[in-house]
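# Fold and contact review
One-letter residues, chain by chain:
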Amino acid sequence: MTKKKVKILKSYDMNFKYELKSLLSKDDNYNQNVYDIVFEIIQKVRKSGDSALLELIKKFDKLEVNKVEKISIDKSTLKLAYESLPKEQKQALVFASNRIKAFHKKQVPKNINYTDSKGVKLGLLYNSIESAGFYVPGGKALYPSSVLMNAIPALVAGVKRRVMVSPISDLKKSSIVLAAGYIAGVTEVFCMGGAHSVAALAYGTKTIEPVNKIVGPGNAYVAEAKRQVFGIVGIDSIAGPSEVLIVSDDTSSPEHIAIDLLSQAEHDEQAQAILITDSLEFSIKVELAIEKFLKDLSRSKIASASWYNRGAIIIVKNIKEAVDLINFIAPEHLELSFDKAEKYIKKIKNAGAIFIGKNTPEAIGDYVAGPNHVLPTSGTAKFSSGLSVLDFYKRSSVVHCNAQNLSIIGKHAITLAKAEGLDAHALSVSLRINN
């Protein structure tokens, strides 16, 4: 049997750029298939509401219910789930919650209100959205951390209605997810996942009121559903599979780097873990450590598929060369595991979250560091950011003129309106100035 090998790319090879683009590319045929399936699901829910939802819950969530109300979980059940947790899990959830809340409170925006040199009063007024839906994955693992990361920013922002959906079929097995919902202050919980849950949140049914915005990561079907309902509701991003890019030299522990790579690979077969290093010898040590860890990991099959099919090691001439690659790849998670890594921060423009130094594994950011772990994937860190309190606010600009300053600034508005051929625009200003 042939031994599995991870892809090795060398930055100094002639075909390196082509190989790198190929490594980062997605399967368009797969995406088209997902699009068609999701479109059909959304249209069913949109047209038939509760009846369609019940059919889809039975098919995908494996729940036999005759009313949508029966997949709803009340607050007392959430509280009981929290109170029934082992002490250690309770403490961990509260600890994580407090750190996440403290970090996100620092993001709350302040209204702007000032009078300019012409006497015009200007400003920005921030208001929280009225309702938000949180998608919490649950197909291959339990994610109480995702509950905290999605719901707490909305709570801090002052969103009144905070609705969680998650593919929960066994309340006991999912008790820690429900407990996280209690701590994070969700106001409604529905035991359903997939594209149909996104459709229900977006369009609403007789039982479920629609929300203003849907956030949270999910599988390809959930991501596509969010894409298709955007415009009806707001969304945070189109999340792809999880990914990590680690830049390390041979002063790091090969075992530490190996397990950090696998900590992303174990999420999903489509997850992507990439190592950039200036030492071929070190990369070999990392490979050997990965082989060792894969023998014992509970999710070894998933992690192995991810690493050998989607992972890679990139050999560069020196660590400085890695900066351009980082900005090109624009990773969801970036680890800089070498001495004086903080010196490179100002040069890194595209990364969802950056973890600096040999003692800052990405996994700490998934749970208790404080910043959000819902981050841009698939290169979208080039133009977007991770989830924050700001995602749950809208801002309105404020303008207040009086007769005097309208006459000062208005003549220029009239000139521009006439240049655009918009006579009514020009008259709406000039009538006030001339009277």
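### Brief notes about a nonpolar patch on the surface
Residues Leu280, Ile284 and Leu288 make up a contiguous nonpolar surface patch of about 270 Å² in total accessible area. Along the chain, Ile284 turns up in helix H10 (residues 280-294). By relative accessible area, which is 43% here, Ile284 ends up partly exposed.

### Concerning the packing of helix H3 (residues 75-83) against helix H6 (residues 175-184)
It is the contact of H3 with H6, at a shortest axis distance of 7 Å, that shows an interaxial angle of 115°. By the angle between their axes, H3 is roughly perpendicular relative to H6. As for the relative orientation of H3 and H6, their crossing is left-handed in sense. Contact residues: Leu78, Lys79, Ala81 and Tyr82 in H3; Ser175, Leu178, Ala179, Gly181, Tyr182 and Ile183 in H6.

### So, the sheet that holds strand E9 (residues 234-235)
The six strands lie next to each other as E2-E7-E6-E5-E8-E9, forming an open sheet whose pairing is mixed. Bordering the open sheet on either side are strand E2 (72-73) and E9, each of which pairs with just one other strand.

### Re H3
Turning to H3, its buried residues number three or more, namely Leu78, Ala81 and Tyr82. Down the axis of H3, the buried set is contained in an arc of 100°. They therefore lie on one face. Residues of H3 that are exposed and point over 90 degrees away from its buried face: Ser76 and Leu80. Considering only its buried residues, H3 is in contact with E2, helix H4 (87-105), H6 and strand E7 (188-191).

### Observations regarding the sheet that holds strand E11 (residues 272-277)
In any sheet, the strands associate via hydrogen bonds between backbone groups, in a parallel or an antiparallel arrangement. Ordered in space as E1-E12-E11-E10-E13-E14, the six strands form an open sheet in which the pairing is parallel. Only two strands of the sheet have a single neighbouring strand rather than two, namely strand E1 (7-10) and strand E14 (353-356). Strand-to-strand, the axes of this sheet are offset by a mean angle of 15°, without reference to chain direction. In this structure, strand E13 (residues 333-337) lies alongside E14, joined through four bridges in parallel fashion. In the sheet register, Glu335 faces E14, and the bridge partner there is Phe355.

The rules behind the values
Residues numbered from 1 in each chain as written. Predicted model: local features only at pLDDT ≥ 70, side-chain atom pairs only at ≥ 80, totals over all residues. Heavy atoms only, no water. Patch = residues over 30% accessible without salt bridge, like charges linked within 9 Å, V, L, I, M, F, W, Y side chains within 5 Å. Areas by Shrake-Rupley, 256 points an atom, 1.4 Å probe, with all protein chains shown as cover. Salt bridge = Lys/Arg side-chain N within 4 Å of Asp/Glu carboxyl O. Helix = DSSP H or I, 4+ residues; strand = E, 2+ residues; numbered from the N terminus. Buried < 20%, exposed > 50% of the residue type's maximum accessible area, 1.4 Å probe, protein only. Axes fitted to C-alpha atoms, helices over the stretch in contact; angles between N-to-C directions. Parallel < 35°, antiparallel > 145°, perpendicular 65-115°, else oblique. Left-handed = near helix turned anticlockwise from the far one by under 90°. Contact = heavy atoms within 4.5 Å. Pairing = 2+ DSSP bridges. Arc of directions from axis to C-beta.

Any link to function would need more than the numbers given here.
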